[in-house]
Amino acid sequence: MTVIKVAILGFGTVGEGVYRTIQSHAEELTASLGKKVEVAAVLIKNKQKERNISEDVLITTEFADVLSLPQLDIVVEAIVDKEPTFSFLKKAIERGCHIITANKEMFAHHGKELLDLAEKNNVSVGFEATVAGGIPVIQTLRQLLNINRVQKVQGILNGTSNFILTEMREKKQSFAQALQLAQENGFAEADPTNDVEGFDAFYKTMILSRIAFGEEPNWRDVERKGITAITSELIETAETLGLRFKHIACISRLGNQIKATVKPALVGTEHPFYHVEGVQNAINVHSDIVGAITLQGPGAGMFPTASAIIEDLVYVCQNPPAKRSVSSAGDTATILKKGQIKEIWLVHGLSNIQTSSSITKIEHVAEETFIIMAAKKDVEQLAKLEAALVYYPILGEYAPVHQPTTITAL
Ligand code: HSE
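Residues numbered from 1 in each chain as written. Predicted model: local features only at pLDDT ≥ 70, side-chain atom pairs only at ≥ 80, totals over all residues. Heavy atoms only, no water.

A closer look at the overall build of the protein chain
Line of reasoning, step 1. Along the backbone of the protein chain there are 13 helices and 18 strands.
Line of reasoning, step 2. Overall, the C-alpha framework of the protein chain stretches about 75 × 45 × 35 Å when taken along its three principal axes.
Line of reasoning, step 3. In the protein chain, which comprises 410 residues, the share counted as buried stands at 53%.
Line of reasoning, step 4. For the protein chain, contacts bridging at least 24 residues in sequence account for 69% of all contacts bridging at least 6. (Helix = DSSP H or I, 4+ residues; strand = E, 2+ residues; numbered from the N terminus. Buried < 20%, exposed > 50% of the residue type's maximum accessible area, 1.4 Å probe, protein only. Contact = heavy atoms within 4.5 Å.)

Okay, here's the thing in structure tokens:
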């Protein structure tokens, strides 16, 4: 039987998960591919560290050693930073290897270049693990895009942020305690600023945008905020209103433009993200034929990420390189008005809010905390005048606690 030879770059949480899964699911891989899958080399940083890797595997700190293996079919990349990763993967493609990456930052910056180079060299690129951990969102979108026109994608894309918000609410942990636990569980990035300030979710959003819409928004125009301004007190106040904080990416097409935001928002019990807890991620795709689909699953961690990579391993072997699908514009009539339409907000940091023609006060829920209805531009105007103001949109429907009626955000 012929053999597929794999090199794994990096042996942290993800690299080790891939190595162990190739061993534990050897039979399934052989059955699927008709060939045995073997790890031929592992690229590491620190030679002194103890690792449980078979003696037959080349363990090296030099990428050149990996490239000069007599047979090399697939390179799985599980290291951080854009460089030297990007250069390694270009060389692997030029050598004729399929590549699989879990590196969001690198792929958001260089994905197009890698896909073009792979096409030229007649190899494939797997990048399922770059977005939403174990959820097969890239494959789902690829399949959905054949005929459906995607109109909007919303997602909880960072497991660490969702884990921290859940721990703070459910277990009354401090932000620092919850972050430490996320790090101990192997969810957080090497630099967790990427998680809690929204950069990691931002990179994933750009990758999703390219798949869903065939293009990305101008990066400078994307509003990106993390979860660091959300205090335990605000989380408790939201809880009394039946609302939960979630860190949400939203991408939609606005005429010929793609618009995206990556920031915290509040959701009520009716929203599909309300029960997405802990390290879970979720993606809600609205498209014209099927309507709304929600995918949910583990967004980070050793085996969820290994699952995405191992499925990609089968995908790259079985699928010739294909041009990326480009989705056509959806019906944008309602989206076009966004920015001017009124939405519901939780605002904190003002002693009072006067109802005016542009802002309607709905509830005074706690000290300096109000629910209001206003257009985004008017809330931003308010924030310019009050430096301490924080504001979060409430997605979906909001039923005021002290009033029986339901107000629907537009
Ligand atoms: N740090 C990332 C997260 C890992 O928490 O979502 C998975 O991409």
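So much for the structure itself; the text now carries on.
Some thoughts on unusual backbone geometry
Line of reasoning, step 1. Omega for the peptide link from E83 to P84 comes to 10°, which places this bond in the cis form.
Line of reasoning, step 2. Along the chain, P84 falls in the loop between β4 (74-77) and α4 (85-94).

Observations concerning the environment of S68
Line of reasoning, step 1. Relative to the helices and strands, S68 is located in the loop between α3 (63-67) and β4.
Line of reasoning, step 2. For S68 and R95, which are 27 residues apart along the polypeptide, the C-alpha to C-alpha distance reads 9.5 Å.

A few points about the side chain of H247
Line of reasoning, step 1. Structurally, the position occupied by H247 is in strand β9 (residues 243-254).
Line of reasoning, step 2. The exposure class of H247 is buried, given its relative accessible area of 3%.

Concerning the site of the ligand
Line of reasoning, step 1. Surveying the vicinity of the ligand reveals 13 residues, the closest of which are G159, T160, F187, E189 and D195.
Line of reasoning, step 2. K104 is positioned such that a nitrogen or oxygen atom in its side chain is 2.8 Å from an oxygen atom of the ligand.
Line of reasoning, step 3. For the ligand, the protein covers 92% of the area, taking 250 Å² as the surface of the free molecule.
Line of reasoning, step 4. In terms of residue class, the shell around the ligand is made up of four nonpolar, four polar and five charged. (Near = heavy atom within 4 Å. Polar contact = N/O pair within 3.5 Å; in protein donor to acceptor, adjacent residues only side chain to side chain. Areas by Shrake-Rupley, 256 points an atom, 1.4 Å probe, with all protein chains shown as cover. Nonpolar A, V, L, I, M, F, W, Y, C, P; charged D, E, K, R; others polar.)

Brief notes about the state of the cysteines
Line of reasoning, step 1. All told, the structure shown has zero disulfides when counted by the stated rule.
Line of reasoning, step 2. Left unpaired, C317 is separated from the closest cysteine sulfur, that of C97, by 11 Å.
Line of reasoning, step 3. Relative accessible area serves as the criterion here: at 30%, C317 is assigned to the partly exposed category. (Disulfide = S-S within 2.5 Å.)

Things to note about the nonpolar core
Line of reasoning, step 1. Counting residues in each nonpolar core, the largest one holds 56 residues, and the members touching the most others are V137 and V153.
Line of reasoning, step 2. Counting residues per element, this core draws most heavily on helix α10 (residues 199-213), at nine residues.
Line of reasoning, step 3. Of the residues that make up this core, three or more belong to each of domain 1 (3-126) and domain 2 (137-296 + 325-332).
Line of reasoning, step 4. Every residue in contact with V153, bar those within four places of it in the chain, is listed here: L208, A212, F213, A249, C250, I251, I283, N284 and V285. (Core = buried A, V, L, I, M, F, W, Y, C linked by side-chain atoms within 4.5 Å. Domains from an automatic or database assignment.)

Comments concerning helix α8 (residues 175-184)
Line of reasoning, step 1. Looking only at α8, the buried set comprises A178, L179 and A182. Looking down the long axis of α8, one finds its buried residues gathered within 100° of arc, a one-sided arrangement. Exposed and oriented more than 90 degrees from the buried face of α8 are A176 and E184.
Line of reasoning, step 2. Next to the buried residues of α8 lie α7 (159-170) and α9 (193-196). (Arc of directions from axis to C-beta.)

So, the pairing of β9
In regular strands, side chains alternate between the two faces of the sheet.
Line of reasoning, step 1. With respect to burial, β9 is a largely interior element, 12 of its 12 residues being buried.
Line of reasoning, step 2. Because side chains alternate across β9, one face comprises the buried residues L243, F245, H247, A249, I251 and R253, and the other comprises R244, K246, I248, C250, S252 and L254, equally buried.
Line of reasoning, step 3. When strand β7 (residues 150-156) meets β9, the two strands line up antiparallel, connected through four bridges. Looking across to β9, one finds that V153 is bridged to I251.
Line of reasoning, step 4. Pairing analysis gives 12 bridges linking β9 to strand β10 (residues 257-268), with the strands arranged antiparallel. Bridge assignment links I248 to a residue of β10, and that residue is K263.
Line of reasoning, step 5. Hairpin remark: β9 followed by β10, antiparallel, with two residues in the connecting loop; positive phi at G255, about 60°. (Pairing = 2+ DSSP bridges.)

Section: the domain arrangement of the protein chain
Frequently, the measure chosen for interface size is the accessible area that the parts lose on association.
Line of reasoning, step 1. Its domain assignment divides the protein chain into domain 1 (3-126), domain 2 (137-296 + 325-332) and domain 3 (342-408).
Line of reasoning, step 2. Taking only C-alpha atoms into account, the centre of domain 1 sits 28 Å from that of domain 2.
Line of reasoning, step 3. Residue-level contacts link eight residues of domain 1 with 10 residues of domain 2.
Line of reasoning, step 4. Approximately 840 Å² of surface area, both sides summed, lies buried where domain 1 meets domain 2, with 66% of it carried by carbon and sulfur atoms.
Line of reasoning, step 5. We note a salt bridge from K104 to E189, for which the minimum N-O separation is 2.7 Å.
Line of reasoning, step 6. In this structure, the connection of domain 1 to domain 2 is made through two residue pairs in polar contact (both at pLDDT 80 or more).
Line of reasoning, step 7. Residue contributions to the side of domain 1 that touches domain 2 peak at six residues, all from helix α5 (residues 104-120).
Line of reasoning, step 8. Split into classes, the residues belonging to the side of domain 1 that touches domain 2 amount to three nonpolar, two polar and three charged. (Buried area = accessible area lost by both parts, 1.4 Å probe. Salt bridge = Lys/Arg side-chain N within 4 Å of Asp/Glu carboxyl O.)

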